[in-house]
Amino acid sequence: MNRSDLQSEIRDLLRERNGILLAHYYQREEVQEIADFLGDSLALSIEAAQTEAEVIVFAGVHFMAESASILCPDKTVLLPHLDAGCPLADKITPGALEKARQRYPDAAVVTYINSSAEIKAHSDICCTSSNAVKVVKSLQDSRQILMIPDGNLARYVARFTDKEIIPWDGYCPFHHFVQPEEIARAKAEHPDALFIAHPECNAAVVEMADFVGSTSAMIEFCRTTEAKEIIVGTEIGIMTPLKKQNPEKIFISPSEHLVCQTMKMITLENILKSLKTMKPVVKVPEAIRIPAKRALDRMLAIR
Ligand code: 13P
């Protein structure tokens, strides 16, 4: 079957099953094209929480489907490829978190949404890259914050608060291994370009950025900036909406590290198969879902 046949069969099945396709900006172009909703991690969670559809097909990674299952236990959540995990989410275990809690008994635990449901269940509140600073500032009674599992995001947030931020030593390999030299090279090749970075990039790279923000904040920046050339410090999937929305601008990816292999595991073929078989289902058990939902709801209440 060719691309457009696959796309129209998926759309037909979504209608038949009263389903919606939610897709992250890092997804393949052909998947983004047919999504009902395209967004960053925060927007996708909000959409999952609000939808009236009975079936949610998640074109993203495992923690995103889990978040949908936590927020909508009555809906069927499908993740078309179960191996589509997030290497950053794997950088912490419940046992390691428990030890850290014992070491910092007064610290509030702020957990990046890129984490397993079980880790969320042991957290005080969640955050995404869109709202991390707001979330930390909202914790008025806490002077000390343990931010897990992304150390780079934690160090970025620390710039905006006088609370003591204790960063976990996890990272997203795709963002973390972008080198300052690669940015310097891209800037030398494109002297008029601005450089924008995701806060999952390492501190030396973030330091070089003209703008730092979540995927949706980066998209908004590119839409409104006068700059005609932009070096984009995040996963290459974001090039799809950037080029579509700004055909007159030039976008440059500075590093070959910026390809998330697990996001790319979701294909039109496995979305179609998943809708036909109604598998694989992601369902978070109630004992984990309820405390995890508390941490997500606390975050969603902050606007
Ligand atoms: P955003 O919330 O900015 O979309 O980030 C998601 C993510 O997984 C970044 O690697």
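### As for the nonpolar core
Step number 1: In this structure, Ile-56, Phe-58, Val-110, Met-147 and Met-299 are the most contacted members of the largest nonpolar core, which totals 71 residues.
Step number 2: Among the elements that take part in this core, helix α4 (residues 62–71) stands out by supplying six residues, more than any other.
Step number 3: Residues contacting Met-147, with those up to four places away along its chain left out, are Val-110, Cys-127, Ala-132, Val-136, Leu-153, Ala-154, Val-157, Ile-165, Ile-166, Pro-167 and Trp-168.
Step number 4: Judged by nonpolar contacts, the second largest core, of 15 residues, contains Ile-183, Ala-197, Ala-209 and Ile-252.

### Details of the packing of helix α1 (residues 3–16) against helix α14 (residues 268–277)
Two packed helices can be described by the angle between their axes and the distance between those axes.
Step number 1: The N-to-C vectors of α1 and α14 enclose an angle of 30 degrees; their axes lie 10 Å apart at closest approach. With respect to each other, α1 and α14 are oriented roughly parallel. Along this stretch, α1 crosses α14, giving a crossing that reads as left-handed. Residues Arg-3, Leu-6, Gln-7, Glu-9, Ile-10, Leu-13 and Leu-14 of α1 lie in contact with α14, whose contacting residues are Leu-268, Glu-269, Ile-271, Leu-272, Leu-275 and Lys-276.
Step number 2: Residues of the contact of α1 with α14, tallied by class, amount to eight nonpolar, one polar and four charged.

### Here's the deal with the packing of aromatic side chains
Step number 1: For the structure on display, the rule yields three aromatic pairs.
Step number 2: Considering the side-chain rings of Tyr-171 and Phe-177, the 5.4 Å spacing of their centres and the 80 degrees angle between planes classify their relative orientation as edge-to-face.
Step number 3: By relative accessible area, Tyr-171 is classed as partly exposed at 23%.
Step number 4: The class of Phe-177 is partly exposed, set by a relative accessible area of 34%.
Step number 5: Consider the rings of Phe-211 and Phe-221, whose centres lie 4.6 Å apart with planes at 15 degrees: the pair is stacked.

### Points about the site of the ligand
Step number 1: In the region of the ligand, the neighbouring residues are His-24, Tyr-26, Asp-40, Ser-41, Tyr-112, Asn-114, Ser-129, His-175, His-198, Glu-200, Ser-214 and Thr-215.
Step number 2: Contacts to the ligand include Ser-41, whose side-chain N or O atom sits 2.9 Å from an oxygen atom.
Step number 3: Between the ligand and the protein, one listed contact pairs an oxygen atom with a side-chain N or O atom of Glu-200 at 2.9 Å.
Step number 4: About the coverage of the ligand: the protein hides 96% of its 300 Å² of free accessible area.
Step number 5: Most atoms of the ligand, that is more than half of them, are within 2 Å of grid points of the largest cavity.
Step number 6: Taken together, the residues of the shell around the ligand break down into two nonpolar, eight polar and two charged.

### Things to note about the sheet that holds strand β3 (residues 55–59)
Step number 1: Across the sheet, four strands lie side by side as β2-β1-β3-β4; this open sheet has parallel pairing. Among the strands making up the open sheet, the edge pair consists of β2 (37–39) and β4 (76–78). Averaged over all adjacent pairs, the angle separating strand axes in this sheet is 20 degrees, with direction ignored.
Step number 2: Relative to β2, strand β1 (residues 19–24) runs parallel, the two sharing three bridges. Across the sheet, Leu-22 pairs through a bridge with Phe-37, a residue of β2.

### Some thoughts on the pairing of strand β9 (residues 194–197)
Step number 1: Summarising the sheet, β9 and strand β11 (residues 229–233) pair through four bridges and their orientation is parallel. The residue bridging Ala-197 from the neighbouring strand is Gly-233, located in β11.

### Section: empty space enclosed by the protein
Step number 1: If you walk through the whole model with that rule in mind, you get two cavities of 30 Å³ or more.
Step number 2: Here the largest cavity defines a volume of roughly 220 Å³.
Step number 3: Taken together, 25 residues make up the lining of the largest cavity; nearest its centre are His-24, Tyr-26, Asn-114, Glu-200 and Met-263.
Step number 4: Empty space within the second largest cavity amounts to approximately 30 Å³.
Step number 5: Surrounding the second largest cavity, Ser-41, Leu-44, Ser-45, Phe-58, Phe-63, Met-64, Ser-67 and Ile-113 form its lining.
Step number 6: At the level of secondary structure, the elements contributing two or more residues to the lining of the second largest cavity comprise α3 (41–50) and α4.
Step number 7: Each residue belonging to the lining of the second largest cavity can be placed in one class, and the counts come to five nonpolar, three polar and no charged.

Cut-offs and rules
- Here, residues in each chain are numbered from 1, in the same order as that chain's written sequence.
- In view of the model being predicted, local features appear only for residues whose pLDDT reaches at least 70, and side-chain atom pairs are presented and counted only at 80 or more, with totals across whole chains, interfaces and linings using the full set of residues.
- By convention in this description, side-chain values take in all heavy atoms of the structure and omit both hydrogens and water.
- Put simply, a nonpolar core is a bunch of buried Ala, Val, Leu, Ile, Met, Phe, Trp, Tyr and Cys residues held in one set by side-chain atoms that sit within 4.5 Å of each other.
- A simple rule labels every residue: compare its accessible area, found with a 1.4 Å probe on the protein chains alone, to the largest value its type can have, and call it buried under 20%, exposed over 50%, or partly exposed in between.
- Comment: elements are numbered from the N terminus, with helices defined as DSSP H or I runs of at least four residues and strands as E runs of at least two.
- Residues are treated as being in contact if the distance between any of their heavy atoms lies within 4.5 Å.
- Here an axis means a line fitted to C-alpha atoms, over the contact stretch when the element is a helix, while the angle between two N-to-C directions is reported on a 0 to 180 degree scale.
- What sets the label is the angle itself: under 35 degrees gives roughly parallel, over 145 gives roughly antiparallel, 65 to 115 gives roughly perpendicular, and the rest give oblique.
- Two helices cross in a left-handed way if the nearer one is turned anticlockwise from the farther one by less than a right angle. They cross in a right-handed way if the turn is clockwise.
- Think of it as three bins: nonpolar holds Ala, Val, Leu, Ile, Met, Phe, Trp, Tyr, Cys and Pro, charged holds Asp, Glu, Lys and Arg, and polar takes everything else, Gly as well.
- Note on ring pairs: Phe, Tyr and Trp rings are taken, using the six-membered ring of Trp, and paired if centres are within 6.5 Å. Classes follow the plane angle, with under 30 degrees stacked, over 60 edge-to-face and the rest tilted.
- Definition of nearness: a residue and a molecule or strand are near each other if at least one heavy atom of the residue lies within 4 Å of the molecule or strand.
- As used in this structure description, the phrase polar contact means that two N or O atoms lie within 3.5 Å; if the pair is within protein, one of them must be able to donate a hydrogen and the other to accept it, and residues adjacent in sequence are counted only when both atoms belong to side chains.
- Reported accessibility uses the Shrake-Rupley method at a 1.4 Å probe radius. Residues are deemed covered only where the shown protein chains occlude them.
- Buriedness for pockets is judged along seven lines, at least five of which must meet protein on both sides within 12 Å for an open set on the 1 Å grid over protein atoms alone, while cavities are sets there where a 1.4 Å probe fits but cannot get out, and lining residues have an atom within 4 Å of a point.
- Assignment to a cavity or pocket requires that more than half of a molecule's atoms be within 2 Å of the site's grid points.
- Strand pairing is assigned whenever DSSP identifies at least 2 bridges connecting the two strands.
- Grid points are joined across faces, edges and corners, and a volume is the space filled by probe spheres set on the points.

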